[in-house]
Amino acid sequence: MRIFILFIPLLITPNLLAQKDIDINQKVDSLLNRMTLLEKIGQMNQLSADDMETNYELIRRGLAGSVLSITNPTVANKAQLVAVEESRLGIPIIIGRDVIHGFKTIFPIPLGQAASFDEELVQQGARIAAIEASSVGIRWTFAPMMDITRDPRWGRVAESLGEDPLLASKLAVAMVKGFQGDNLSNPDAIAACAKHFVGYGAAEGGRDYNTTLITERGFRNLYLKPFEATVKVANVATIMSSFNANDGIPATANKFLLKDILRDEWGFDGFVVSDWASVTEMIAHGFSENEKQAAMQAIKAGVDMEMVSGTYLANAEKLLEEKKISEENIDNAVRNILRVKFRLGLFDNPYVSSELKNVFYAPAHLEKAKEAAEESVVMLKNKNSTLPLKKVKKILVVGPLANMPHEQMGTWVFDGEASHTQTPLLALRKQYGEKVKIDYEPVLKYSRDNDISAFNKAVEKAKKADVILAFVGEESILSGEAHSLSDLHLQGAQSKLIKKLSDIEKPLITVIMAGRPLSIEDEIIQSDALLYAWHPGTMGGPAIADLLFGKANPSGRLPITFPKEVGQIPMYYNHLNTGRPPTGNDSQLDCIPVGALQTSLGNTSLYLDSGHEPLFPFGFGLSYSNFKYGEPKLKEKILSVNDTLNVSMELSNIGDYDGTEIVQLYIRDLYGSIARPVRELKDFQRVNLKAGENKVVHFQLPISQIAFWNINMEEIVEPGNFHMWISRDSKSGEPINFEVR
Ligand code: NOJ
């Protein structure tokens, strides 16, 4: 009986879904049949909320399908009322907003969330964001961003899920599931938008909006992976085309990517929106002569809705008349848009209660945001177990980021409020202030401050403290869109401050809040312990305070490589080996004799000054616990392409603290029809172990998951010899051989 009950939903759900889709497609077609050409083009037009009076008029005339950034429920309802009651066909609009890492309750920046390697928590964070955002009428977010990036100079690295295609895919899927909920038609579900399609994170030199040069194989083996996962696994409702031109072709006009791959190969049936004015920007790219041509190119390539630049509305009729686009182009775009509106249930109920529900900053939301912040923090150094803090009586808190609520929220926060944000200083005082005396001297007023006049005062205070806690990093505006940097050292006089404090014989704990990996080699050397907290959001303070005092144990792992210096970029773990793989890692500058004769012999692929190793590899992170890895045991070492690799390993927590280890499974395909990366992450698990506890960790990796796009541009597993590691990061562990026949 029990089995019967369990199976019913599984058997019925796909059919019901299919029937629902058939019904929706019928409704879409019947509506489309009644639409005038102009009404169809109107659906393809997205307005920004700047001038709502003009917008109401356009909506009334059926000339807008969406409005971006309405956040007031009364305005949202008025716009829907005009659409539904006053336009000829009563088609509701879809209200979109950048809800990137929270709406009111702000979670860590996505790069921070990625450090948690925790799909469930990431999904819960997106769910909370959807609940809060939908309560004001927002039913569409422009997230998740899943641009793979290998360049921390790029400001938008903060919004990304890091450098690895598997991690980014899993977390992007989790976010989409969280935003879209169990059913898109639930009033608290919001349509997700997989962005930016595609390759935007590979901007040359990390300079935002810059050119990319990615090959088809590069797209397929790397940049497309998270998009494919969100389409196929999570049914993402929408996709956003990116700003970059790849090999001279703007993504907003790339038919190969937008149609051949996205629609024909993957079967995506939601809609594609352009990025903000990315249609008209094709003129600046030098790809379109004028707005009319830009509109034609984007429509033909498969961009269904145009964000704010209005060229579709102005030109599509004429383009059709001149036969430069077809009716089919328009109808397909409108079908895609209407399908999503039906799926969202907007035709049944476009309105939202204008009484604000009590969901903003709800206690459960704050608790989750704290958990997410705790899990996002990566401990990069802990000399002599400086942390967690024990037996300290007097702490000196210094640094510009200790008490800057706005800055710790991070980039892409439009709705979260500083007044609700809990800083580390506040939390330390509130949570531990009764037991420990907490003195505070910001020294620098903000991260770029160069005024060192308060240094001596801080030094005097530090001498009287048991421990110094320095909160440094970046203001949130220094990362994010259009905020690329060419120098990744700490800004202003922050490095000087750390140096000065390290000269005092007191334990120095540095906490960095930033939107990207920074060049922190000196700070690592000078600090006794270092926590990398990213921009941790609303609850960053309480999370950091509990981590410092050991109520929580750091478990975050780097979702992106930390280079030593900007000059090493791009530096990423899943690189190719080269013909002269690097050996040795020390600076060679001192070894080369003056007047040395020209030779390359003996040299390998590294920098003479900074070697070939990063400061910290992908996957790295420390814990207060101490985990011992047993020898991985493979069930079978010779497998066929249809088999599953079974591997188990005993993990022991031999430390004094309960903790969580992120166990990582990597493989290397030793040779192929194209050269293969030195390591690829294929799976991971968060394993909780009490102090002294052991557990056998099992992985099951279908061999089909080690397929790649090969020399013939086919996605296949090429038989041969492989290495496999189960390790704590992308550099450690001993390889084990297996063979695929
Ligand atoms: C431009 C950004 O690139 C994109 O990510 C964002 O969603 C839109 N602006 C809308 O704000």
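Note that the structure is predicted; figures quoted are calculated from it, not measured.

**A short note on the overall build of the chain**
Part 1: Across its full length, the chain holds 21 helices and 27 strands.
Part 2: For 741 residues, the compact-globule formula gives about 27 Å, and the C-alpha radius of gyration of the chain, at 27 Å, lands near that figure.
Part 3: Residues counted as buried form 60% of the 741 residues belonging to the chain.
Part 4: Excluding contacts between residues fewer than 6 apart, the proportion of contacts in the chain whose partners are at least 24 apart in sequence is 77%.
Part 5: With the model as given, the accessible surface of the chain reaches about 29,500 Å², and the carbon-plus-sulfur share is 51%.
Part 6: Separation of charge centres in the chain, based on 78 positive and 92 negative side chains, amounts to 3 Å.

**Things to note about a negative patch on the surface**
Part 1: Taken together, the side chains of Asp487, Asp522, Glu565 and Asp609 present a region of like negative charge at the surface.
Part 2: The residue aspartate 609 is located in the loop between helix H21 (540-548) and strand E17 (627-629) in this model.

**Concerning the nonpolar core**
Part 1: Membership of the largest hydrophobic core comes to 120 residues, with the highest contact counts inside it found for Trp140, Phe179, Phe197, Ile239, Leu262, Tyr312 and Leu681.
Part 2: Examining the composition of this core, we find that 10 residues originate from one element, helix H7 (residues 165-180), more than from any other.
Part 3: In terms of domain composition, this core takes at least three residues from each of domain 1 (28-356) and domain 3 (627-740).
Part 4: Non-local contacts of phenylalanine 197, meaning those with residues more than four positions away in its chain, are made with Leu224, Phe227, Ile239, Met240, Ser241, Ser242, Ala251, Leu257, Leu258, Leu262 and Trp266.
Part 5: Counting residues in hydrophobic clusters, the runner-up holds 45 residues, among them Leu485, Ile504, Ile524 and Leu530.

**Remarks on the pairing of strand E1 (residues 45-48)**
Along any regular strand the residues' side chains alternate between the sheet's two faces.
Part 1: Going residue by residue along E1, you find Asn45 and Leu47 tucked away on one face and Gln46 and Ser48 tucked away on the opposite face as well.
Part 2: Relative to strand E10 (residues 306-307), E1 is paired through two bridges, and the arrangement is parallel. Each residue of the ladder has a partner; that of asparagine 45, found in E10, is glutamate 306.
Part 3: Where E1 lies against strand E2 (residues 66-68), three bridges are found, and the strand directions are parallel. Paired with serine 48 across the bridge in E2 is leucine 68.
Part 4: On the question of chirality, the crossover connecting E1 to the parallel E2 by way of helix H3 (residues 52-60) is right-handed.

**Brief notes about unusual backbone geometry**
Part 1: Each neighbour pair has its own omega, and for leucine 387 with proline 388 the value is -5 degrees, a cis peptide bond.
Part 2: Tracing the sequence through the fold places proline 388 in the loop between strand E11 (378-382) and strand E12 (394-398).
Part 3: The peptide bond linking isoleucine 569 to proline 570 adopts the cis configuration, its omega dihedral lying at 5 degrees.
Part 4: Structurally, proline 570 is set in the loop between H21 and E17.
Part 5: Backbone geometry places serine 385, a non-glycine residue, at a positive phi of 50 degrees.
Part 6: Its location among the elements puts serine 385 in the loop between E11 and E12.

**Description of the packing of helix H15 (residues 363-376) against H21**
Part 1: Direction vectors running N to C along H15 and H21 enclose 50 degrees, while the axes themselves pass 8 Å from each other. Overall, the two elements H15 and H21 adopt an arrangement that is oblique. Viewed along their axes, H15 and H21 form a crossing whose handedness is right-handed. Contacts between H15 and H21 involve Lys370, Ala373 and Glu374 from the former and Gly540, Pro542, Ala543, Asp546 and Leu547 from the latter.
Part 2: Here the residues of the contact of H15 with H21 are counted per class, giving four nonpolar, one polar and three charged.

**Let's talk about the sheet that holds strand E16 (residues 529-532)**
Part 1: Taken together, six strands build an open sheet; the order of strands is E11-E16-E15-E14-E12-E13 and the sheet is mixed. Each of the sheet's edge strands pairs with one partner strand only, and the pair in question is E11 and strand E13 (437-441). On average, each strand axis in the sheet is inclined to that of its neighbour by 15 degrees, with strand direction left out of account.
Part 2: Where strand E14 (residues 467-473) meets strand E15 (residues 508-513), six bridges bridge the pair, whose relative direction is parallel.

Calculation rules
- Residue numbers run consecutively from 1 along every chain, following the written order of its sequence.
- Local features are withheld for residues below a pLDDT of 70 in this predicted model, meaning they are given only at 70 or higher, and side-chain atom pairs are given and counted only at 80 or more; totals for whole chains, interfaces and linings count all residues.
- Calculation of side-chain values draws on the structure's entire complement of heavy atoms; hydrogens and water are dropped beforehand.
- Only runs of H or I of at least four residues qualify as helices and only runs of E of at least two qualify as strands under DSSP, and these elements are numbered from the N terminus.
- With C-alpha atoms as the basis for the radius of gyration, the globule rule is written as 2.2 Å multiplied by the number of residues raised to the power 0.38.
- The buried label goes to any residue with under 20% of its type's maximum accessible area, the exposed label to any with over 50%, and the partly exposed label to all in between, with areas taken from a 1.4 Å probe on protein chains only.
- By definition, residues are in contact when any of their heavy atoms lie within 4.5 Å.
- Each accessible area value is a Shrake-Rupley result obtained with a 1.4 Å probe; residue values ignore everything except the protein chains displayed when judging cover.
- His is not counted, nor are the chain ends, whereas Lys and Arg count as positive and Asp and Glu as negative.
- Taken as the charge centre is NZ of Lys, CZ of Arg, CG of Asp or CD of Glu, depending on the residue.
- Patch rule: a residue counts if its relative accessible area is over 30% and it has no salt bridge; like charges are joined within 9 Å, and nonpolar side chains (Val, Leu, Ile, Met, Phe, Trp, Tyr) within 5 Å.
- The term salt bridge refers to a side-chain nitrogen of Lys or Arg lying within 4 Å of a carboxyl oxygen of Asp or Glu.
- In plain words, nonpolar cores are sets of buried Ala, Val, Leu, Ile, Met, Phe, Trp, Tyr and Cys residues tied together by side-chain atoms within 4.5 Å.
- Annotation comment: domain bounds sourced from an automatic or database domain assignment.
- When DSSP locates at least two bridges between a pair of strands, those strands are taken to pair.
- Handedness of a crossover: with both strands directed away from the viewer, a clockwise path from the first strand across the helix to the second marks it as right-handed.
- Note on method: axes are straight lines fitted to C-alpha atoms, helices fitted across the in-contact stretch only, with angles between N-to-C directions ranging 0 to 180 degrees.
- By definition in this entry, angles of less than 35 degrees are roughly parallel, angles greater than 145 are roughly antiparallel, angles of 65 to 115 are roughly perpendicular, and the rest are oblique.
- Two helices that cross are described as forming a left-handed crossing if the nearer one is turned anticlockwise from the farther one by less than a right angle, and a right-handed crossing if clockwise.
- For this classification, Asp, Glu, Lys and Arg are treated as charged, while Ala, Val, Leu, Ile, Met, Phe, Trp, Tyr, Cys and Pro are nonpolar and the rest, including Gly, are polar.

Read these as geometric descriptors, not functional statements.
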